[in-house]
Amino acid sequence: MSATEPTRREQILTTAADLFAARGFHGVSVADLGAACGISGPALYKHFASKQAVLAEMLTSISERLLEVGRERVAAGAGDPAAALRGLVDWHVEFALGHRPLIIVQDRDWESLPEDAREQVRRLQRAYVDLWADQLRTLRPDLDKPRAHAAAQAAFGLLNSTPRAGHGIPDAALRDLLASMALGALGIAPHAVWS
């Protein structure tokens, strides 16, 4: 298997995201998921304990990735909060355009997550929001913590609208549009690449 070829586990997660986004978590059986992956339903249990375990890993792992890369983007800003926020917006746009099904699954199937996974995802997402809010408060010291969190959440709402927006717009143009709108909403001048 080449370094770029996904593992069976990764294939299952990607396929599950597509199926759950299209039909809902409860609209997809283990047999459906196995068939879409080219394995039998029971063979799925060699990789995951249950369908809920698939959902839990799917949403937990992407929340971990959002936070991990978000921290990298803040560090790359080298202490400049505007640069850090541009990096965060760029990363979130990249995520949103590349993982549309995960956004739909998160929105629609949240209640199907086991409680422990829900709490883990909440914790990771709070840390991700804090990352954005901290940069906003550094950039604008007059902004209190609740307003900084609200601004970050509003930017996420805009960026996470991608599964329902941009029909007929090429991803490159949609990327530019979303990034410039999010930066504008946060009060940050767009990077030269987006202007």
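Worth saying up front: this structure is predicted, and the values here are computed from it rather than measured.

Participant: How do you make sense of a nonpolar patch on the surface when you look at a structure like this?
Facilitator: Taken together, the side chains of I169, L177 and M181 present a nonpolar region at the surface, about 240 Å² in accessible area. With respect to the helices, strands and loops of the structure, I169 is situated in the loop between α7 (145-159) and α8 (171-185). Judged by its relative accessible area of 35%, I169 is partly exposed.

Participant: Sorry if this is basic, but what is going on with the UniProt feature "DNA-binding region" (unreviewed entry) in the protein here?
Facilitator: Residues given the UniProt feature "DNA-binding region" (unreviewed entry) here are residues 29-48. When the span residues 29-48 is considered, its composition is 40% helix and 0% strand, and the gap between its end C-alpha atoms is 14 Å.

Participant: Even after reading the chapter, I still don't get helix α2 (residues 30-37), so can you show me in this structure?
Facilitator: Note: α-helices contain 3.6 residues per turn, so residues at a spacing of three or four share the same orientation. Inspection of α2 places V30, L33, G34 and C37 among the buried residues, and these make up the whole buried set. Projected onto a plane normal to the axis of α2, the buried residues spread over an arc of 100° and lie on a single side. Immediately beyond the C-terminal end of α2, within one or two residues, lies G38, with a positive phi of roughly 80°.

Participant: Would you take a moment to explain the side chain of Q106 for this structure?
Facilitator: Mapped onto the elements, Q106 comes out in helix α5 (residues 100-109). Note on Q106: relative accessible area 18%, which makes it buried. Residues contacting Q106, with those up to four places away along its chain left out, are L59, V121 and Q125.

Participant: What is the right way to read the packing of aromatic side chains from this model?
Facilitator: Describing an aromatic ring pair means giving the distance of the ring centres and the angle of the ring planes. Under the definition given, this model contains five aromatic pairs. Taken together, a centroid distance of 6.5 Å and an interplanar angle of 50° make the contact between W91 and F95 tilted. Taken together, the positions of W91 and F95, both in helix α4 (residues 81-98) and four residues apart, correspond to about one turn of that helix. For the pair shown, W91 and F95 are each scored as buried. Seen from their ring centres, Y128 and F156 are 5.4 Å apart, and the 15° between their planes marks the pair as stacked. Separated by 28 residues along the polypeptide, Y128 in helix α6 (residues 115-139) and F156 in helix α7 bring together distant segments of the chain. The residues Y128 and F156 share a single accessibility class, namely buried. Here R9 stacks its cationic end above the ring of F48, 4.0 Å away from the centre of that ring. Positioned over the ring face of F25 is K51, at 4.3 Å from the centre of the ring.

Participant: Explain the UniProt feature "domain: HTH tetR-type" (unreviewed entry) in the protein here, please?
Facilitator: Feature annotation in UniProt places "domain: HTH tetR-type" (unreviewed entry) on residues 6-66, given in this structure's numbering. Secondary structure across residues 6-66 comprises 66% helix and 0% strand; the distance between its end C-alpha atoms is 19 Å.

Participant: What's the story with the side chain of H92 in this structure? I'm lost.
Facilitator: Tracing the backbone through its elements, the reader meets H92 in helix α4. Residues in contact with H92, not counting those within four places in the same chain, are L66, Y128, W132, F156, L159 and N160.

Participant: Whenever I open this one, the pattern of salt bridges confuses me. Can you help?
Facilitator: Opposite charge on two side chains makes pairing possible when the charged atoms of those side chains draw close. Tallied over the full model, the rule gives 15 salt bridges. A salt bridge links E57 to R9, with the nearest nitrogen and oxygen atoms 2.4 Å apart. Linking E57 in helix α3 (residues 51-76) with R9 in helix α1 (residues 8-23), this pair joins segments that are 48 residues apart in sequence. With relative accessibility at 27%, the residue E57 sits in the partly exposed group. The residue R126 makes a salt bridge to E119 at a minimum N-O spacing of 3.1 Å. Ionic contacts of the salt-bridge type, sharing partners, join the residues E111, E115, R118, E119, R122 and R126 into one network.

About the thresholds
- All residue numbers refer to positions counted from 1 along the written sequence of the respective chain.
- Reporting of local features is limited, given that this is a predicted model, to residues whose pLDDT is at least 70; pairs of side-chain atoms are given and counted only at 80 or more, and all residues count toward the totals for whole chains, interfaces and linings.
- Remark: hydrogens and water are excluded; side-chain values derive from all non-hydrogen atoms of the structure.
- Patch membership requires more than 30% relative accessible area and the absence of a salt bridge. Residues of like charge join within 9 Å; the nonpolar side chains Val, Leu, Ile, Met, Phe, Trp and Tyr join within 5 Å.
- Every accessible area reported is derived by Shrake-Rupley at a probe size of 1.4 Å, with residue values counting cover from the shown protein chains alone.
- Salt bridges are counted wherever a side-chain nitrogen of Lys or Arg sits within 4 Å of a carboxyl oxygen of Asp or Glu.
- Strands here are runs of E lasting at least two residues and helices are runs of H or I lasting at least four, both read from the DSSP assignment and numbered beginning at the N terminus.
- Burial status follows relative accessibility: with a 1.4 Å probe on protein chains alone, a residue under 20% of its type maximum counts as buried, one over 50% as exposed, and anything between as partly exposed.
- UniProt positions are given in the numbering used here, feature names are shortened, and annotations may be inferred rather than shown by experiment.
- Starting at the helix axis, one direction is taken to each C-beta atom, and the arc is that of these directions.
- What makes two residues a contact is simply this: any of their non-hydrogen atoms within 4.5 Å.
- When two rings of Phe, Tyr or Trp (its six-membered ring) have centres within 6.5 Å they constitute a pair, described as stacked for plane angles under 30 degrees, edge-to-face for angles over 60, and tilted for the intermediate range.
- Any Lys NZ or Arg CZ that is within 6 Å of a ring centre and within 35 degrees of that ring's normal is treated as a charge sitting over the ring.

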